[in-house]
Amino acid sequence: MRAVVYDRYGGPEVLQLRKVDLPALHDDQVLVRVHATSVNSWDWDLLTRKPRWTRAGSWSKPRYRILGADIAGRVEAVGKDVDDFQR
């Protein structure tokens, strides 16, 4: 799959479109093929490392390399413990 990732803190110039591995699906998770996403203030804070509390747990490089939590897409797979979604 492709994703916009970042390996260091900064502005939009540190973002790169790359091929990444498909995430492993756990029993209590849902895998969604993303059709659209947004960048919100939380994503911007994580990317730019401001305010300081966004650095908690990882001072030198980002803990999570892929931004975006507001998504729209299609459910591709569900874990065995998931009851609320269907493929």
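Predicted model only: the values in this text are computed from it and were never measured.

Cut-offs applied
Residues numbered from 1 in each chain as written. Predicted model: local features only at pLDDT ≥ 70, side-chain atom pairs only at ≥ 80, totals over all residues. Heavy atoms only, no water. Helix = DSSP H or I, 4+ residues; strand = E, 2+ residues; numbered from the N terminus. Buried < 20%, exposed > 50% of the residue type's maximum accessible area, 1.4 Å probe, protein only. Contact = heavy atoms within 4.5 Å. Polar contact = N/O pair within 3.5 Å; in protein donor to acceptor, adjacent residues only side chain to side chain. pLDDT = per-residue confidence, 0-100. Patch = residues over 30% accessible without salt bridge, like charges linked within 9 Å, V, L, I, M, F, W, Y side chains within 5 Å. Areas by Shrake-Rupley, 256 points an atom, 1.4 Å probe, with all protein chains shown as cover. Salt bridge = Lys/Arg side-chain N within 4 Å of Asp/Glu carboxyl O. Lys, Arg positive; Asp, Glu negative; His and termini not counted. Charge placed at Lys NZ, Arg CZ, Asp CG, Glu CD.

This part covers the overall build of the chain. Along its length, the chain carries one helix and four strands. Mapped in sequence order, the helices and strands of the chain form the string β-β-β-α-β. Taking all 87 residues of the chain together, the buried fraction comes to 24%. The long-range share in the chain, meaning contacts at least 24 apart out of those at least 6 apart in sequence, stands at 67%.

The set of residues buried in helix α1 (residues 41–48) consists of D43, D45, L46, L47 and T48. The distance from a side-chain oxygen at the start of α1 to the backbone nitrogen of W42 is 3.0 Å, and the residue carrying that oxygen is N40. Looking one or two residues past α1, R49 carries a phi angle of roughly 65°, positive in sign.

Next up on the list: the confidence of the model for the chain. Parts of the model with low pLDDT should not have their predicted coordinates read in detail. Residues at a pLDDT of 70 or more form 87% of the chain, whose mean pLDDT is 86. The secondary structure element of the chain with the lowest average pLDDT is α1, at 85, and the one with the highest is strand β2 (residues 16–19), at 96.

A contiguous nonpolar patch, built from M1, L22 and I66 and spanning about 300 Å² of accessible area, is present on the exposed surface. Summarising the element assignment, M1 is placed in the segment before β1 (2–5).

With that settled, consider the pattern of salt bridges. A full pass over the atoms with the stated rule returns three salt bridges. Notably, a salt bridge pairs R18 with D7, separated by 2.5 Å at the nearest N-O pair. Pair noted here: R18 is in strand β2 and D7 is in the loop between β1 and β2, with a separation of eleven residues, a long-range link. Residue class for D7 comes out partly exposed when judged on its relative accessible area of 37%. Between R33 and E76 there is a salt bridge, with its nearest N and O atoms 3.4 Å apart. Taken together, the positions of R33 in strand β3 (residues 30–37) and E76 in strand β4 (residues 71–78) put the pair 43 residues apart, joining distant regions of the chain. A relative accessible area of 23% means that E76 is categorised as partly exposed. Three or more residues joined by partner-sharing salt bridges are found here, namely D7, R18 and R65.

Residues D27, D28, D81, D83 and D84 make up a contiguous surface patch of negative charge. Looking at the element boundaries, D28 is found in the loop between β2 and β3.

Inspection of the secondary structure assignment puts T48 in helix α1. At 2.9 Å, the side chain of T48 and the backbone oxygen of W44 are in polar contact.

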